[in-house]
Amino acid sequence: MKVDRPIIIAIIIFIIILLMYFFVAPKYYEFKDFQVKLGKVEAEYNAKFAYFSEPDNNDVKVINTSTLAVEGTIPGFNNPAGLDIDPAGDFLYVCNNWGSEIVKVDISAGSIVSSLWDNQWGNPWDFVVSNDGKYGYFSDPYADNVSIVNLASFINMGVLNS
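Here is a short report on the structure shown in this document. These numbers were taken from a predicted model, which means no experiment stands behind them.

It is worth spelling out the sheet that holds strand 7 (residues 101–106) at this point. The sheet built from four strands is open, its strands ordered 5-6-7-8 with antiparallel pairing. Whereas interior strands pair on both sides, the edge strands pair on one side only; in this sheet they are strand 5 (80–85) and strand 8 (111–117). Within this sheet the neighbouring strands show an average axis-to-axis angle of 25°, counted without direction.

Have a look at this one:
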């Protein structure tokens, strides 16, 4: 019995697609859901406390790393996103995403001490403090750039376009 080659190839492709549907697709959606959960929460810590931005509650939670209990809440944000602590551990910098600003929080007082806004910014997303603590860098995916902030004077140093 002679078998037509294109029919065999079509059957093999159909079997591969069927296997992908049953074995690969469920893992993809499981991973995608996990990414969504991780994407909503940003975290930073020093030796004593961890800081979590909670966009749904518009605040930053302070977690004691020894007891894992919520020690406090820092309110006053509008969809907080990325955050980082300066090397000295004195200030926490938070991207106030929908507020289109960078917020400086005094860690010892647990309150916002200053905010920086620039009309070039769309929605600041992730914040990183340089190793020497002099500069902060944050991404703005909607404006497709990275901005630099002088942390001592807390002023915008400029935008790096991609």
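Quick look at the nonpolar core now. Formed by 13 residues in total, the largest nonpolar core has its most connected members in Y51, V60, F77, L92, V94 and V105. Counting residues per element, the ones that place at least two in this core are strand 2 (49–54), strand 3 (59–64), strand 5, strand 6 (91–96) and strand 7. Judged by nonpolar contacts, the second largest core, of twelve residues, contains A81, C95, I102 and L116.

Our focus in this paragraph is the pattern of salt bridges. Scanning the model with the defined rule gives two salt bridges in all. Here D59 makes a salt bridge to K61, at a shortest N to O gap of 3.0 Å. For D59, a relative accessible area of 7% translates into the label buried. Residues joined in a network through salt bridges with shared partners are E54, D59 and K61.

Counting across every chain of the model gives three aromatic pairs. When the centroid spacing of 5.5 Å and the interplanar angle of 20° are considered together, the rings of Y93 and F127 count as stacked. Remark: F127 occurs in strand 9 (residues 126–129) and Y93 occurs in strand 6; sequence separation between them is 34 residues. Each of the two residues, Y93 as well as F127, counts as buried. When the centroid spacing of 6.0 Å and the interplanar angle of 40° are considered together, the rings of Y93 and F154 count as tilted. Linking Y93 in strand 6 with F154 in the loop between strand 11 (145–150) and strand 12 (155–161), this pair joins segments that are 61 residues apart in sequence.

What counts, and at which threshold
- Residues numbered from 1 in each chain as written.
- Predicted model: local features only at pLDDT ≥ 70, side-chain atom pairs only at ≥ 80, totals over all residues.
- Heavy atoms only, no water.
- Pairing = 2+ DSSP bridges.
- Helix = DSSP H or I, 4+ residues; strand = E, 2+ residues; numbered from the N terminus.
- Axes fitted to C-alpha atoms, helices over the stretch in contact; angles between N-to-C directions.
- Core = buried A, V, L, I, M, F, W, Y, C linked by side-chain atoms within 4.5 Å.
- Buried < 20%, exposed > 50% of the residue type's maximum accessible area, 1.4 Å probe, protein only.
- Salt bridge = Lys/Arg side-chain N within 4 Å of Asp/Glu carboxyl O.
- Phe/Tyr/Trp six-rings, centres within 6.5 Å; stacked < 30°, edge-to-face > 60°.

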